[in-house]
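# Working through the structure, step by step
Residues per chain are reported as follows:
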Amino acid sequence: MRLLNTKTFVVKEFLTDSDIPPFAILSHTWGDNEVTFQDIQNLETAKKKGAGWRKVENACRYIRQYKFKWIWIDTCCIDKSSSAELSEALNSMYQYYRDSRVCIAYLGDVSGVKNTKDLGEFKKSRWFKRGWTLQELIAPRYMFFLDKNWNTIGTRHSIGMGKSAFQSHIDGYSIAQKMSWAASRETTRSEDMAYCLMGLFGVNMPPIYGEGGPKAFMRLQQEIIKYSEDRSIFAWVASKNSRRERGLFASSPLEFASSGHIGVSGS
C-alpha cells in the first residue's frame, strides 16, 4: 500500500500490514487534471495540474489539523500503468477505507450548506450517484463530509445517516438489499459497476476491462454464491429492454431496484 505524506507530498510504499501507519483517506469524484502517481513523483509537474493539485493540497492541509502524517488518495497512490497493481488496488479498496482512521468525503459540487438542516444541495451531489463511492460511504469507521471550499458539512451521524448500514452492521443485510443500494448509481466504465461492489460482498476477482458490464456483473454473482447461501441473490427483476437470454443471474444492480425490502433467505 502506498501513502502520501501530508507535509512533503512524498509517496511511500508500505509492504506489510504491520508497517502501515495510521492514515486518513480521501473519497471524491474524479474531475479534470487529476494528479497521477507519475505526476506526484515531481512536485513541479504535479502543481501544474491545477484543480487536481489543489484537491491533493487541500486534502492534506485539512487532515493535518487532526495530526495525520499520511493519507491515501486513489489518483496518486496507485500506479495505474501497472495492471497487476491496479487489480490489487481494486480488490483491496474496501479494506483501505475500512482500515483508515478517518475518511474525508470531498463534495466538489456542493456549497452554501450552513448546517445539517439545509441538505437539499448536499443530497443532490454527484458523489451520491457514483458506484465507487458506495463502498466509500459504508466502509470507513469515521467520515466527514466537506463542501467545495473544504468546509465541514457534518459527519454521517450528524446528517441523519445513523449507523445501521455501516462497518460491522453490513453483514445483517441481504445480498438483494445491498445490490439495491447500487441500483441508481453509475460508473464511467461499465465493468466498474461490478468491480466497485467486490468489497461490499467480501469477494475478489481480477478486473477484465473490455468484458462488458453484464459479464463482469455475472462473474461477481458467481463469486458471491461460492461463499453465501443467501438466495436473495436471485430476487431480481429483468429490465423490460433486456435483449440477452436470461439465466440465473441479473445483468446489473439496476435489476435489484425493487428488492430493497427482501431479507436474508436460505441461510
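Residues numbered from 1 in each chain as written. Predicted model: local features only at pLDDT ≥ 70, side-chain atom pairs only at ≥ 80, totals over all residues. Heavy atoms only, no water.

Within an unreviewed UniProt entry, the label attached to the protein reads HET-domain-containing protein, and the organism entered is Dendrothele bispora.

### What about the packing of aromatic side chains?
Inspection of every chain in the model, using the stated rule, returns 15 aromatic pairs. With a centroid separation of 5.2 Å and an interplanar angle of 75°, the aromatic rings of Phe-122 and Phe-128 are classed as edge-to-face. Of the residues examined, Phe-128 reaches a relative accessible area of 17% and is grouped as buried. (Phe/Tyr/Trp six-rings, centres within 6.5 Å; stacked < 30°, edge-to-face > 60°. Buried < 20%, exposed > 50% of the residue type's maximum accessible area, 1.4 Å probe, protein only.)

### Quick notes on the environment of Tyr-209
Tracing the backbone shows Tyr-209 in the loop between α10 (198-201) and α11 (213-227). For Tyr-209, a relative accessible area of 30% translates into the label partly exposed. With 20 residues separating them in the primary sequence, Tyr-209 and Arg-189 have C-alpha atoms 8.2 Å apart. If we skip the residues at most four places from it in the chain, Tyr-209 touches Leu-86, Leu-90, Arg-189, Glu-191, Asp-192 and Tyr-195. A distance of 2.5 Å separates polar atoms of two side chains, one belonging to Tyr-209 and the other to Asp-192. (Helix = DSSP H or I, 4+ residues; strand = E, 2+ residues; numbered from the N terminus. Contact = heavy atoms within 4.5 Å. Polar contact = N/O pair within 3.5 Å; in protein donor to acceptor, adjacent residues only side chain to side chain.)

### Overview of the environment of Glu-211
Along the chain, Glu-211 turns up in the loop between α10 and α11. Along the backbone, Glu-211 and Ile-40 are 171 residues apart, and their C-alpha atoms lie at a distance of 31 Å. Excluding anything up to four places from it in sequence, Glu-211 contacts Glu-191, Tyr-195, Ala-216 and Arg-219. In this structure the side chain of Glu-211 is engaged in a polar contact, spanning 2.5 Å, whose partner is the side chain of Tyr-195.

### Focus: the domain arrangement of the protein
Each assigned domain of the protein is listed here: domain 1 (1-167) and domain 2 (170-266). Here the C-alpha centroids of domain 1 and domain 2 sit 25 Å apart. Every contact between the two is made by 20 residues of domain 1 and, on the other side, 23 residues of domain 2. Summed over the three residues of domain 1 that lose the most area to domain 2, namely Asn-91, Trp-132 and Leu-134, the buried surface amounts to 32% of that side. Linking domain 1 with domain 2 are zero salt bridges, by the criterion used here. (Domains from an automatic or database assignment. Buried area = accessible area lost by both parts, 1.4 Å probe. Salt bridge = Lys/Arg side-chain N within 4 Å of Asp/Glu carboxyl O.)

### Describing the sheet that holds strand β2 (residues 11-13)
The seven strands are arranged β2-β1-β4-β3-β5-β6-β7 in an open sheet whose pairing can be described as mixed. Of all the strands in the sheet, the pair left with one neighbour each is β2 and β7 (152-155). Neighbour-to-neighbour, the strand axes of this sheet turn through a mean angle of 30°, independent of strand direction. Where strand β3 (residues 24-27) meets strand β4 (residues 70-72), two bridges bridge the pair, whose relative direction is parallel. Among the inter-strand pairings, Ile-25 is bridged to a residue of β4, identified as Trp-72. Relative to strand β5 (residues 102-106), helix α3 (residues 51-64) is tilted by about 140°, and along the sheet it contacts β1 (2-5), β3, β4, β5, β6 (143-146) and β7. Packed on one face of the sheet, helix α5 (residues 83-99) meets β1, β3, β4 and β5 and runs near 110° to β3. (Pairing = 2+ DSSP bridges. Axes fitted to C-alpha atoms, helices over the stretch in contact; angles between N-to-C directions.)

### Details of the UniProt feature "domain: Heterokaryon incompatibility" (unreviewed entry) in the protein
Feature annotation in UniProt assigns "domain: Heterokaryon incompatibility" (unreviewed entry) to the following positions: residues 23-111. The distance from the first to the last C-alpha atom of residues 23-111 is 27 Å, and the span holds 49% helix and 13% strand. (UniProt positions renumbered as here; feature names shortened; annotations may be inferred.)

### Observations regarding the pairing of β7
As defined by bridge partners, β6 adjoins β7 across three bridges and the pair is classed as antiparallel. From the neighbouring strand, Phe-144 faces β7, where its bridge partner is Thr-155. Hairpin connection between β6 and β7: a loop of five residues separates the two successive antiparallel strands, and Trp-150 in this loop has a positive phi of roughly 65°.

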